Amino acid sequence: MKVKVLIMPRKGLLDPEGRAVKEMLLEEGFPVREVKVGKVVELEVEETADVKTIAEKYLVNPLVEEYQIE
Amino acid sequence: MKFAVCVFPGSNCDYDTYYVLRDLLGQEVSFVDYQRRSLQGFDCVVIPGGFSFGDYLRAGVLASKTPLGQALVDFAQKGGLILGICNGFQVLTELHLLPGALLKNRDLNFLCTDVYLRVENNSLPFTRSFEKGEVIRLPIAHGEGRYYVPEEELRRMEERGQVVLRYCSQEGKVEEAFNPNGSVGNVAGVCNREGNVFGLMPHPERACEDLLGYRDGILLWHSLIT
């Protein structure tokens, strides 16, 4: 099965990439309130794979990132 | 002193470190490969700068999951001295041998410049040749050097003397204007509670000869060997 792990900077932490993209979009005239830039890790795994452990132990740094499994 | 210099795929300050230790300071030094499982027999292990595993996923994380990563944890638990420079600092936070994380610089620039640093703790094996409060000049070269820990953790680290170096002005003023990358509390280098593991973003190995324009870095190596 295919699983996506969506990783975002933790709320309240400075996200300079998001800020830079937001400033660019505002300059281009788009009414944008907030932009956050994260990353997606797409995995193809067996049904038995413990994706939560994969995410928490390897893919995500919980001190600075939040994640969602899709 | 018997030194080891870690070599991960993508390490690129390994030879600079080796050169300083062997050619300038006459120490016994060996490269250790990332697949190695033990660091027994060494007194001090240096994790050099570079881009281990291409900085993929997060800087330092893939290096931290190698056999050498586990060997570093074992070595630290036995009280061995570990110095992590730049990417080495990132590896140490990913190993949880040091608190915090290193994030993309505040202004997204790769910073390649000189900085002034104030020595906040000179009681470590890595810093005892410095004066407390001394201002030194070292080069930085990083894209992900914004040190982060939650504020209350930073306070506790300060109380315990774990904040070792801070970015400052030439006169030693620690202010936001002299913070190159947005690190909390202008932090440039921290140690663990026990004081045997030290990580810093600046490059002391690049500042050891007048030919290169500065030599404040030599005092760090000097601290270790005297």
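In case you missed it, the structure is sitting above this.
As the structure is a computational prediction, the values presented were derived from the model and not from experiment.

Participant: Honestly, the overall build of chain A in this entry has me stumped. Any pointers?
Facilitator: Regarding its fold elements, chain A presents two helices and three strands. The order of helices and strands in chain A, counted from the N terminus, is β-α-β-α-β. At 15 Å, chain A has a C-alpha radius of gyration far larger than the 11 Å of a compact globule built from 70 residues. Along the three orthogonal principal directions, the C-alpha set of chain A runs to about 45 × 25 × 15 Å. For chain A, the residues scored as buried account for 7% of the 70 residues in total. When contacts within chain A are restricted to residue pairs at least 6 apart in sequence, long-range pairs at least 24 apart make up 63% of them.

Participant: Can you help me understand the interface of chain A and chain B in this one?
Facilitator: Many structure descriptions define interface size as the accessible area lost when the parts assemble. Listed by partner, the interface residues are nine residues for chain A and 11 residues for chain B. Put simply, the parts of the chain that give the side of chain A that touches chain B at least two residues each are α1 (16–27) and α2 (51–59) of chain A. The biggest single contributor to the side of chain A that touches chain B is α1(A), with three residues. A class-by-class count of the residues in the side of chain A that touches chain B yields seven nonpolar, one polar and one charged.

Participant: In this structure, what is going on with helix α1 (residues 14–24) of chain B? I would like to understand it.
Facilitator: The α-helix advances 3.6 residues per turn, and as a result positions three or four apart in sequence lie on the same side. Residue and element names in this part refer to chain B. Those residues of α1 lying buried are Asp 14, Thr 17, Tyr 18, Val 20 and Leu 21. Along the axis of α1, the buried positions cluster into a sector of 160°, meaning they face one direction only. Backbone geometry just after α1 places Gly 26 at a positive phi near 65°.

Participant: Looking at this structure, I do not really get the sheet that holds strand β6 (residues 111–119) of chain B. What am I missing?
Facilitator: The strands that make up a sheet pair up through hydrogen bonds in the backbone, lying either parallel or antiparallel. Residues and elements named next belong to chain B. Reading across from one edge, β2-β1-β3-β4-β11-β10-β9-β6-β7 is the order of the nine strands in this open sheet, with mixed pairing throughout. This sheet does not close on itself; its edge strands, each paired only once, are β2 (28–33) and β7 (135–142). Here the average twist between neighbouring strands, direction ignored, is 25°. Pairing analysis gives three bridges linking strand β10 (residues 187–191) to strand β11 (residues 197–200), with the strands arranged antiparallel. Considered in β11, the bridge of Val 190 is made with Gly 199.

Participant: Can you walk me through the nonpolar core in this structure?
Facilitator: Side chains of nonpolar character tend, in soluble globular proteins, to be buried together. Residues Cys6(B), Val45(B), Leu72(B), Ile82(B) and Leu117(B) are the most contacted members of the largest nonpolar core, which totals 76 residues. With near-sequence residues (within four places) excluded, Leu117(B) lies in contact with Val135(B), Ile136(B), Leu138(B), Leu165(B), Arg166(B), Tyr167(B), Cys168(B), Ala188(B) and Pro202(B).

Participant: What is the right way to read the sheet that holds strand β3 (residues 65–69) of chain A from this model?
Facilitator: All names here are of chain A. As summarised here, the arrangement of the three strands in space is β2-β1-β3, forming an open sheet in which the pairing is antiparallel. Strands at the two margins of the open sheet, each flanked by one partner only, are β2 (39–44) and β3. Strand-to-strand twist of the sheet, defined as the mean angle between neighbouring strand axes without regard to direction, takes the value 20°. Relative to β2, strand β1 (residues 2–9) is paired through six bridges, and the arrangement is antiparallel. Among the inter-strand pairings, Val 3 is bridged to a residue of β2, identified as Leu 43.

Participant: Just checking my understanding: could you explain the pairing of β1(A) for this structure?
Facilitator: Remember that side chains alternate between the two faces of the sheet whenever the strand is regular. With five bridges connecting them, β1(A) and β3(A) associate as antiparallel partners. In the strand pairing of β3(A), Ile7(A) is matched with Tyr67(A).

Participant: How should I be thinking about the environment of Tyr214(B) in this particular structure?
Facilitator: Residue and element names in this part refer to chain B. In this structure, Tyr 214 sits in the loop between β11 and α6 (218–225). Residue classification places Tyr 214 among the partly exposed residues on the basis of 16 C-beta atoms within 10 Å. Taking the C-alpha atoms as reference points, Tyr 214 and Gly 54, 160 residues apart in sequence, are found 29 Å from one another. Beyond its immediate chain neighbours, meaning those up to four positions away, Tyr 214 contacts Arg 137 and Ala 207.

Participant: In this structure, what is going on with the environment of Asn196(B)? I would like to understand it.
Facilitator: Residues and elements named next belong to chain B. For Asn 196, the position within the fold is in the loop between β10 and β11. For the pair Asn 196 and Leu 97, spaced 99 residues apart in sequence, the C-alpha to C-alpha distance is 9.9 Å. Residues within four places of Asn 196 in sequence aside, it is in contact with Ala 76, Gly 79, Gly 80, Leu 81 and Ile 82.

Participant: Before we go on, may I ask you to explain the environment of Gly185(B) in this structure?
Facilitator: Residue and element names in this part refer to chain B. Tracing the backbone shows Gly 185 in the loop between β9 (163–168) and β10. When the 19 C-beta atoms within 10 Å are taken as the criterion, Gly 185 is described as partly exposed. Between the C-alpha atom of Gly 185 and that of Tyr 167, which follows or precedes it by 18 residues, the distance is 8.8 Å.

Rules of the game
Residues numbered from 1 in each chain as written. Chains lettered and ligands numbered in written order. Predicted model: local features only at pLDDT ≥ 70, side-chain atom pairs only at ≥ 80, totals over all residues. Helix = DSSP H or I, 4+ residues; strand = E, 2+ residues; numbered from the N terminus. Rg over C-alpha atoms; globule rule 2.2 N^0.38 Å. Buried ≥ 20, exposed ≤ 12 C-beta atoms within 10 Å, placed from the backbone. Contact = placed C-beta atoms within 7 Å. Nonpolar A, V, L, I, M, F, W, Y, C, P; charged D, E, K, R; others polar. Arc of directions from axis to C-beta. Pairing = 2+ DSSP bridges. Axes fitted to C-alpha atoms, helices over the stretch in contact; angles between N-to-C directions. Core = buried A, V, L, I, M, F, W, Y, C linked by C-beta atoms within 7 Å.

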